[in-house]
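Coordinates in review
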Amino acid sequence: DSHGHDIGDRALRVFADTLSTSTTDDMVSGRWGGEEFVVLIPAAGTSSAVAAAEAVRHGLAGALRSGAVPAFTVSIGVADSTQAPTFDEVLNLADDALFRAKQIGRDRVVTADELTAPVDADLYAV
């Protein structure tokens, strides 16, 4: 927001490109709204999803080395279909995990399993 719409649009394109190069063909990704994206990974459990999320996070760090846009980070919330009975509820869990990731310092992956843990940023240091 502090760099203007043009830079924001370029940052979104950098992130979308990162998603494209950091995910596999069986994953479906798209912009969910604003600056949020969603990635669906069929038949993946939490540990596989965390690995994929970390690949995106590290891929973004590499993409930003070019200096095409000011540095930014990605915070990721992960939930899987065993954690709630409906897609909307799983998505809400992932969103809650995303909020926790932002709350404890950003640039990290938080799973829905971690939502019951106390908020202690020292425990989540990257």
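That block above? That's the structure.
For the structure given in this document, a descriptive report is provided here.

Bringing unusual backbone geometry into the picture now. Even without a glycine there, the phi angle at Ala 43 is positive, about 60 degrees. Summarising the element assignment, Ala 43 is placed in the loop between β2 (36-40) and α2 (46-63). Not every positive phi belongs to a glycine, and Arg 106 is a case in point at roughly 65 degrees. Relative to the assigned elements, Arg 106 resides in the loop between α3 (87-103) and β4 (109-111). Owing to a relative accessible area of 45%, Arg 106 belongs among the partly exposed residues under this scheme.

A few words now on the pairing of β2. As defined by bridge partners, strand β1 (residues 28-33) adjoins β2 across five bridges and the pair is classed as antiparallel. Opposite Arg 31, over in β2, you have Phe 37 as the bridge partner. Two successive antiparallel strands, β1 and β2, enclose a turn made up of two residues, where Gly 34 displays a positive phi of approximately 55 degrees.

A turn of α-helix holds 3.6 residues, and therefore any two residues three or four places apart point the same way. For helix α1 (residues 5-22), built from 18 residues, the straight-helix expectation of 26 Å at 1.5 Å per residue is met to within 8% by its first-to-last C-alpha distance of 25 Å. For α1, the complete set of buried residues consists of Ile 7, Ala 11, Leu 12, Val 14, Phe 15, Thr 18, Leu 19 and Ser 22. Seen along its axis, α1 keeps its buried residues to an arc of 160 degrees; they face one direction. In this structure, α1 carries His 5, Asp 6, Asp 17, Ser 20 and Thr 21 as exposed residues pointing more than 90 degrees from its buried face.

A few words now on the environment of Thr 111. Checked against the element boundaries, Thr 111 lands in strand β4. Looking at Thr 111, the relative accessible area reads 9%, which means it is buried. Dropping the residues within four chain positions of it, Thr 111 is found in contact with Thr 46, Val 50, Val 78 and Ala 97.

Scoring rules and cut-offs
Per chain, residues are indexed from 1 in the order of the written sequence. Owing to the predicted nature of the model, reporting of local features is limited to residues with pLDDT of at least 70; listing and counting of side-chain atom pairs is limited to 80 or more, with chain, interface and lining totals taken over all residues. As a rule here, side-chain values come from all non-hydrogen atoms in the structure, and water together with hydrogens is ignored. Numbering of helices and strands runs from the N terminus; a helix is a DSSP stretch of H or I covering at least four residues, while a strand is a stretch of E covering at least two. Classification of residues uses two cut-offs on accessible area relative to the type maximum, computed with a 1.4 Å probe and protein chains only: under 20% is buried, over 50% is exposed, and between them is partly exposed. The pairing criterion for strands is at least two bridges between them, as found by DSSP. One less than the residue count of a helix, multiplied by 1.5 Å, gives the span that helix is expected to have. Throughout, the arc means the angular range of directions from the helix axis out to the C-beta atoms. Here, residues are in contact when the closest pair of their heavy atoms is within 4.5 Å.

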